[in-house]
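# What the coordinates show
Each chain is listed here by its residues.
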Amino acid sequence: MIENGDYAVQYGGEDAYMEQEEEWEREGLLDPAWEKQQKKTFTAWCNSHLRKAGTSIENIEDDFRNGLKLMLLLEVISGETLPKPDRGKMRFHKIANVNKALDFIASKGVKLVSIGAEEIVDGNLKMTLGMIWTIILRFAIQDISVEEMTAKEGLLLWCQRKTAPYKNVNVQNFHLSFKDGLAFCALIHRHRPDLIDYSKLSKDNPLENLNTAFDVAEKYLDIPRMLDPDDLINTPKPDERAIMTYVSCYYHAFQGAQQAETAANRICKVLKVNQENERLMEEYERLASDLLEWIRRTMPWLNSRQSDSTLAGVQKKLEEYRTYRRKHKPPRVEQKAKLETNFNTLQTKLRLSNRPAYMPTEGKMVSDITNAWKGLEHAEKAFEEWLLAETMRLERLEHLAQKFKHKADTHEEWTKGKEEMLQSQDYRNCKLNELKALKKKHEAFESDLAAHQDRVEQIAAIAQELNSLEYHDCVSVNARCQRICDQWDRLGALTQHRRQGLDEAERILEKIDLLHLEFAKRAAPFNNWLDGAREDLVDMFIVHTMEEIQGLIQAHDQFKATLGEADKEFNVIVGLVRDAEAIVKQEQVPGGLVNPYTTLTADAISRKWSEVRALVPQRDQTLANELRKQQNNEMLRRQFAEKANSVGPWIERQMDAVTAIGMGISGSLEEQLHRLKEYEQAVYAYKPSIEELEKIHQAVQESMIFENRYTHYTMETLRVGWEQLLTSINRNINEVENQILTRDSKGITQEQLTEFRSSFNHFDKNRTGRLAPEEFKSCLVSLGYSIGKDKQGEMDFQRILAVVDPNNSGYVQFDAFLDFMTRESTDTDTAEQVIDSFRILASDKPYILPDELRRELPPDQAEYCIQRMPPYKGPNAIPGALDYMSFSTALYGESDL
C-alpha cells in the first residue's frame, strides 16, 4: 500500500485496494479478467522502460523475484543509481535485492504497507502487481496536474478537454469510457491528426477502433501495446488501473502540448476578466441612462410654476410633491448609490487586472450624474418654496376677496335708494319747518357721505391689491369696483346739486327743530361708528404667530373699554328722541314726530347697538378659538424643534464617525468594514426617528406653520443630511471592500496597507481624503521612495503624478495612491505575457488561425477571440489569419483597437 499525499486520498492505497478486491471477490463482483489485464499492461509498461537498458521480462511474477530487474527498472525510470545488488542466488540474496528496491521507493516519499520482499520473492502475483502499480503511480502519474487537481482527476480532465470536440466520445471514467476505442483515437487525432482519419471511424466497430489506436501508438508514438482489444471488449467493466497506465503513456507522449494548454488557460483567464468588465460597463451605462432619463423627465415638473391660481389646486400640487418625496425619490437615491458603488468596483477591478480606467460615454460620467442630481435637488427646493409661497399668496388673496365682497356689499346696501333721494324735488312744496328739516337732513347726509369716503377708498385699495397679486377673478372685482366708484362720483354730484337747491330755498325756510337736528348730528356718527364696529367684529382675519393673535385680542380689549362711553352716547341719543316726543306731545306740533334731518330712528340705533353688544362675546369666542389654534401650532413647533435638535446632532455625529473610519485612522480593514456595517445597521435602525419627524413636519405644514424660532434645522436640511449619511456609509464600505480586494489580490500585507494609510493620513492635514502634489511627494519620500531634487527627479515625479492624477485635478486620491504603491510592491499580468501565450498556441507564427483557437480554447472563449481579432495584414499572411498581437495590446488599453 502507498500513503503519500493524494495517493491515499484518491486511491485509498494498495492495502485498501486489496481489501476492496477481497470484498468484491466475496460478493461475486470481482472480474477475473482484471488481473489478467493488469498483468499484461504492467508487463508491457515495464518492458517499455527496460528496453532502454537492453532487456525485458516475460513473466512479471517470476522475472522480478531475484530483485535484479526490479532495481534496473527503478534506475531507468528515475534516472538515479541504486545500491549495488547482491549477485548470489540464495533466497536471502533475492530478499536483500527486493528490499533495496522497496527502500528506494520509500525514499521517494511513498509509504509501503502490506508489501514485503518475501511476497515478491515467492512470486505472489497480487503483491507484485500492487508493487508495480505503486511504481506507476509514483513515476508516471503523480506529476500529472491540470488546474491544481490531483493526478487521477487531472488525467481525467486532460482526457475530457482533449476529446470534447469529438463526436461519440464522452470520457467520464477510466473503464467504460474507453471500451469502444474512440477515446484513444480522439487523443491521437487531437495531437497528431495526420496519423488517423477520425471521420472514418464508427462507434459500432470497437475492435477496429482499438486496434487502429494501439497500432498507430506503437508505430508512431513509441507506445507499446499494453492492452488487449478482445479483453477490453469482452470484459463488462475493464480494469481502471490498466487503462490509466496506458493513458498516462499518451499524456507523457503528448506532454509537449501541455505548454500550449497552459498558454490557453492564461488566455481564458484574461478573456474572462475582460468579459466581466464589459458586463459591468454595460450595466453602468444602463443604470446611468435610466437615472438620467428619470431626472430629465422629472425636471420639467419641478420647474413648472403653472397653477389654476386656486388654493385647492396649489394644495393638491403640494400633496403630489409629498408623495414624490416619500415614494418616487427614495428608490432613485438607492439607484444612485448602487451606480456609484458599481462604478468604483469596476474601476478597482480594472486597476487590479492592469486594465485602463473606464471612461463612460459622454454625458454619463459620475460627475455628470452628480451635477444632474444636484440640479434635481435645487429644483426640488425651489419647487417646494414656490408651493409654500403660492399657498400663502392665495390664502391672502382669498381673504382679501372675502373682505372686498363684504365691504362692497355693505357699501351697496348703504347706497341703495340714495340716488333717487338726492334727485327728489320734495323741498319745493314743503313748509318752512319741513324745508329746514330737509336742509338739515341733507347736511346730515353730507356728513354721512364724507364718512363713507374712507370705505370707498378701502374698497378701491383692496381691488388694487387683488390686481397686483394676480387674483384669478380680477375681471369681476374690477367691474364691481368700477361700478361703485362711478356711483360714488354720481352721488357726489347729486349731493352738490341738491345742496344748491336747498340754499336757494333757505330764504323761505327759517324755523328748524333744533332737537331733531341735534339727534341727527349725534345719531349719524354714532350710526357710522356702529356700522364700523359691526364690520370690525365680523371682520375675518388670518394670523401665523402668537404675537399676532395676542395683538388682535389686545385691540379687541381696547375696543371693549370704549363700550362704556358708547353706552353713554347711546343713552343721550335715545334721550333726544324721547325729549322730541315729549315736546311734540306737549305742543301738538303737526308732523313733529317725523325727524326731517335724518332717516335714522331710535329703533334702528337701538337695534344696531344690540347687534354690536351681541357680537362682542362672539368675537371673544372667535379670538379664543384662534388663540387655541396658535397655541397648538406653538406646541407643534416645539415638538418639531425638540425632535430636530436631537436628530440633527445625531446625524452630524454619525457623519463624523463614518468620516473618521473612512480615513483609516485605526484598526484593520476588516475591523473598519465591521464598524461601518455596524454604523449602517445603526443608521437603518434610527430610520423610525426620521419617519416620526416627517409625520410631525407634515402636521406642521398642514397647520400652515412657516417658521420655527426654536430650531435652526429644517426638514429639508435633515433629509439632505440623512441621504448624505447613507451615501457616505455606502461609499466608505465600498472603498474599504475595494482596499481589501486590492490587498488580497495583490498580496500586500496588512502592515503594508496600514503603513500606506498612516503615511497618507499624516500628510492629509485637513482630513480631506486627498493630497496636493507637494504633500504627495513628501508622502512618497516618507515611505522610502527616492525622488531626486534635480531636473531628472522632477521629471520622474511628474511621470508618477501623471499616473496617479490622470485628469490633472491637482490632487491625489487615496485609491490612486494605494493603487500606485500596490503596483510598486507587486507584479501583474502584462500584454507581453498574453502575446507570448498566443505565440505558443500559434507555433511561433506572427498570426493565428481560427481552427487553432477552437482547438486550444473552450468554444465560447475561442469565438470571443475570433469575433474581436482583426485580420493579420503582415507579410506571408494567409486567408483567415488573425492578428493576436493587436488584440492582446487592446486588452490592456495599449492600442486603438
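About the criteria used
- Residues numbered from 1 in each chain as written.
- Predicted model: local features only at pLDDT ≥ 70, side-chain atom pairs only at ≥ 80, totals over all residues.
- Heavy atoms only, no water.
- Helix = DSSP H or I, 4+ residues; strand = E, 2+ residues; numbered from the N terminus.
- Buried < 20%, exposed > 50% of the residue type's maximum accessible area, 1.4 Å probe, protein only.
- Contact = heavy atoms within 4.5 Å.
- Areas by Shrake-Rupley, 256 points an atom, 1.4 Å probe, with all protein chains shown as cover.
- Salt bridge = Lys/Arg side-chain N within 4 Å of Asp/Glu carboxyl O.
- 1 Å grid on protein atoms, 1.4 Å probe; cavity = no way out; pocket = protein on both sides within 12 Å on 5 of 7 lines; lining within 4 Å.
- Points joined across faces, edges and corners; volume = space filled by probe spheres on them.
- Nonpolar A, V, L, I, M, F, W, Y, C, P; charged D, E, K, R; others polar.
- Phe/Tyr/Trp six-rings, centres within 6.5 Å; stacked < 30°, edge-to-face > 60°.
- pLDDT = per-residue confidence, 0-100.
- Core = buried A, V, L, I, M, F, W, Y, C linked by side-chain atoms within 4.5 Å.
- Expected span 1.5 Å × (residues − 1).
- Arc of directions from axis to C-beta.

## Considering the overall build of the protein
Helix and strand content of the protein: 34 helices and 2 strands. Taking all 897 residues of the protein together, 46% fall into the buried category. Put simply, 74% of the contacts in the protein that link residues at least 6 apart link residues at least 24 apart. When the accessible area of the protein is evaluated, it comes to approximately 45500 Å², of which 50% is carbon and sulfur surface.

## Digging into unusual backbone geometry
Among all residues save glycine, negative phi is the norm, and among peptide bonds the norm is trans. Residue N808 is not a glycine yet carries a positive backbone phi of 55°. By secondary structure assignment, the location of N808 is in the loop between helix 29 (791-804) and strand 2 (812-813). Residue S843 is not a glycine yet carries a positive backbone phi of 55°. On the secondary structure map, S843 appears in the loop between helix 31 (831-841) and helix 32 (850-856).

## Focus on the pattern of salt bridges
Note that side chains of opposite charge can pair when their charged atoms are close. Overall, the coordinates contain 54 salt bridges when judged by the stated rule. Measuring nitrogen to oxygen at the nearest pair gives 3.0 Å for the salt bridge that ties D409 to K405. With D409 and K405 both in helix 16 (residues 366-415), this residue pair falls 4 residues apart, about one helical turn. What makes D409 partly exposed here is its relative accessible area of 32%. By relative accessible area, which is 42% here, K405 ends up partly exposed. The salt bridge involving R534 is made with E611; its shortest N-O contact spans 2.6 Å.

## With respect to the layout of surface pockets
Over the atoms, a rolling probe the size of a water molecule traces out where space has been left empty. Computed from the structure, the second largest pocket encloses a volume of approximately 870 Å³. Lining of the second largest pocket is provided by 27 residues; of these, R325, P330, K687, W722 and E723 occupy positions nearest its centre. For the lining of the second largest pocket, the secondary-structure elements that each account for two or more residues are helix 15 (311-352), helix 25 (687-702) and helix 26 (715-746). Examining the composition of the lining of the second largest pocket, we find that 11 residues originate from one element, helix 15, more than from any other. Split by residue class, the lining of the second largest pocket holds 8 nonpolar, 6 polar and 13 charged.

## Structural notes on the packing of aromatic side chains
Both the distance between ring centres and the angle between the ring planes are used here to describe each pair of aromatic rings. For the structure on display, the rule yields 27 aromatic pairs. Relative to Y358, the ring of F343 lies with its centre 6.3 Å away and its plane at 50°, an arrangement referred to as tilted. You can see F343 sitting in helix 15 and its partner Y358 sitting in the loop between helix 15 and helix 16, a full 15 residues away along the chain. A single burial state applies to F343 and to Y358, both of which are buried. Look at F570 and W609: their rings are 5.8 Å apart centre to centre, the planes differ by 15°, and that puts the pair in the stacked class. Linking F570 in helix 22 (residues 563-587) with W609 in helix 23 (residues 602-662), this pair joins segments that are 39 residues apart in sequence.

## Re the confidence of the model for the protein
Looking at the protein, pLDDT values average 80 and 88% of them are 70 or higher. Segment residues 1-18 is flagged for pLDDT under 50; beyond a separation of four residues in sequence, or across chains, it makes 54 contacts in the model.

## A short note on the nonpolar core
Among the nonpolar cores identified, the biggest contains 77 residues, and W45, F184 and Y250 are the most heavily contacted of them. At 11 residues, helix 8 (residues 125-141) tops the list of elements feeding residues into this core. Not counting residues up to four positions away in its chain, the partners in contact with W45 are L73, I77, I135, I136, A140, M226, T245 and C249. Among the nonpolar cores identified, the runner-up in size contains 41 residues, and L287, L302, F404 and C481 belong to it.

## A closer look at the side chain of H189
Tracing the sequence through the fold places H189 in helix 10 (residues 182-191). Setting aside residues up to four positions removed in sequence, H189 forms contacts with Y166, I196 and Y198.

## Quick look at helix 24 (residues 669-685)
End to end, helix 24 covers 24 Å across 17 residues, agreeing with the expected 24 Å (1.5 Å per residue, within 8%). For helix 24, every residue scored as buried is listed here: L669, Q672, L673, L676, E680 and V683. Burial along helix 24 is one-sided: seen end-on, the buried residues are contained in an arc of 95°. Residues Q681 and A685 are exposed on helix 24 and point more than 90 degrees away from its buried face.

## Observations regarding the environment of A816
Position of A816 relative to the elements: it lies in helix 30 (residues 814-825). Taking relative accessible area as the criterion, A816 reaches 18% and is therefore assigned buried. The spatial distance from the C-alpha of A816 to the C-alpha of V803 is 8.4 Å, given a sequence separation of 13 residues.

## Side note on the side chain of T348
Mapped onto the secondary structure, T348 falls in helix 15. Contacts of T348, omitting those with residues within four sequence positions, involve N738, L741 and T742.

## Remarks on helix 28 (residues 773-782)
The complete set of buried residues in helix 28 reads F776, K777, C779 and L780. Taken end-on, helix 28 shows its buried residues confined to a sector of 160°, consistent with a single buried face. Just beyond helix 28, the residue with positive phi is G784, at close to 90°.

## A word on the environment of L68
Topologically, L68 is positioned in helix 5 (residues 68-78). We classify L68 as partly exposed; its relative accessible area is 28%. Expressed as a C-alpha distance, the spacing of L68 and D86, which sit 18 residues apart in the sequence, is 8.5 Å. Ignoring anything within four residues of it in the chain, the contact list for L68 reads P85, D86, R87 and N97.

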